[in-house]
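Secondary and tertiary structure notes
Here is how the chains run, residue by residue.
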Amino acid sequence: MIEVVNLNKSFGDVSVLHDININIEKGEKVVVIGPSGSGKSTFLRCLNCMEDPTSGSIIFNGVDIADMKVDINIHRQKMGMVFQHFNLFNNKTVIENIMLAPVYVGKKRMKKLRRNNPENEKIKSTKEIKADAQKQAMELLKRIGLEDKADAYPSQLSGGQKQRVAIVRTLAMNPDVILFDEPTSALDPEMVGEVLDLMKELADSGMTMIVVTHEMGFAKEVGSRVLFMDDGRIVEEGTPDEIFNHPKNERLKEFLSKVLA
């Protein structure tokens, strides 16, 4: 699904990613671990071109999205992202946050269809697009047990509730893959479990996931593959058993001795 070839990223004179090469298959749960400042979040942000790679290719579903000529927004619709600090719109209700992207994309698609075939009676109206998005949003909220919060604002939710809403907002676009950038690091410890449980449910459903996290228990239990990054490089990769029980790299051994102590 994703092929990363010789990916490099620099900010000015500071080189952050060095020659990253990796293939990610459909249905994989790839967990990225490593010390702070190792380039994990930058790697994730480069995958959906929130950061433009300095060089290299990111081939997603057969298209090099690192090519500046590509309309990245079309491909981002199929590559969801969940952020550390939720990134919900505080001036919109929970259900409005979830509906926002599907309604926007639906309207754009409708305009294009109308322009190409104005006589097509099957083209949905704006009202129908909104109704469909609202129905889907309520179904997603029921899935996470927050249907009673549909008309609440983000400021009225706990951190765990905000992050679960952020995850289903991503699901509303029916993505092929979801990128998670330290989704639990901004949460109180007692709220971490409810978010990880939802992520485990997604993993069990077959969703392709790339997760940057400090939750080693999650990496062991859910990851089909674990990448260890240090100094902007993938230093070692393998199954959870290989990484956590039989590490080869000395830097990885040192890292694990601290985080698993």
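Let me begin by describing the structure that accompanies this report. Here the structure is a predicted model, which means the values were calculated and not measured. (Residues numbered from 1 in each chain as written. Predicted model: local features only at pLDDT ≥ 70, side-chain atom pairs only at ≥ 80, totals over all residues. Heavy atoms only, no water.)

**As for the state of the cysteines**
Selection criterion: Here, the term disulfide refers to a pair of cysteine sulfur atoms separated by no more than 2.5 Å. Burial here depends on accessible area, computed with a 1.4 Å probe over protein chains only, as a share of the maximum for the residue type. Under 20% is buried, over 50% is exposed, and the range in between is partly exposed.
In this structure the tally under the stated criterion is zero disulfides. Between C46, a cysteine without a disulfide, and C49, which holds the nearest cysteine sulfur, the sulfur-to-sulfur distance is 7.5 Å. What makes C49 buried here is its relative accessible area of 8%.

**Some thoughts on unusual backbone geometry**
The test is simple: Where helices and strands are cited, they refer to DSSP runs of H or I of at least four residues and of E of at least two residues respectively, numbered from the N terminus.
Positioned with a positive phi, N6 is a non-glycine residue whose angle comes to about 50°. For N6, the position within the fold is in strand β1 (residues 2-11). The backbone of E182 sits at a positive phi, close to 45°, despite the residue not being glycine. Of note, E182 is situated in the loop between β7 (177-181) and α6 (189-204).

**Here we look at the nonpolar core**
Stated formally: By convention a nonpolar core is built from buried Ala, Val, Leu, Ile, Met, Phe, Trp, Tyr and Cys residues, the set being connected through side-chain atoms within 4.5 Å.
Within the largest apolar cluster, 50 residues are counted, with the highest numbers of intra-cluster contacts made by I33, I98, F180, M199 and M209. Tallying contributions element by element places α6 first for this core, with eight residues. I2, V16, V32 and L179 belong to the second-largest nonpolar core, a separate cluster that totals 29 residues.

**Points about the pattern of salt bridges**
Close approach of charged atoms allows side chains of opposite charge to pair. Rule in force here: Between Lys or Arg on one side and Asp or Glu on the other, a salt bridge is scored when a side-chain nitrogen of the former is within 4 Å of a carboxyl oxygen of the latter.
According to the stated counting rule, one finds eleven salt bridges in the structure shown. Note that E221 and K200 form a salt bridge whose closest N and O atoms lie 3.2 Å from each other. Here E221 is found in helix α7 (residues 216-222), whereas its partner K200 is found in helix α6, with 21 residues between them in sequence. Here R233 makes a salt bridge to D231, at a shortest N to O gap of 3.4 Å. On the accessibility criterion, R233 (40% relative accessible area) is partly exposed. Ionic contacts of the salt-bridge type, sharing partners, join the residues D230, R251, E254 and K258 into one network.

**Looking at the sheet that holds strand β4 (residues 55-60)**
How we decide: Strand pairing is assigned whenever DSSP detects at least two bridges linking the two strands. What makes two residues a contact is simply this: any of their non-hydrogen atoms within 4.5 Å. Angles run from 0 to 180 degrees between N-to-C directions of axes, and those axes are lines fitted to C-alpha atoms, restricted for helices to the stretch in contact.
Spatially, β2-β1-β4-β5 is the arrangement adopted by the four strands of the open sheet, whose pairing is antiparallel. Because the sheet does not close on itself, it has two edges, and the strands there are β2 (14-24) and β5 (63-64). Across the face of the sheet, helix α1 (residues 40-47) comes into contact with β1, β2 and β4 while running at roughly 120° to β1.

**Considering helix α4 (residues 126-143)**
Definition in use: How far a helix is expected to stretch is found by multiplying one less than its residue total by 1.5 Å. Comment: arc refers to directions from the helix axis out to C-beta atoms.
Over its 18 residues, α4 runs 26 Å from end to end, which matches the ideal 26 Å to within 8%, given 1.5 Å per residue. For α4, the complete set of buried residues consists of I129, A133, A137, L140 and L141. Taken around the axis of α4, the buried residues stretch over an arc of 100°, which confines them to a single face. Exposed and facing more than 90 degrees away from the buried side of α4 are K127, K135 and K142.

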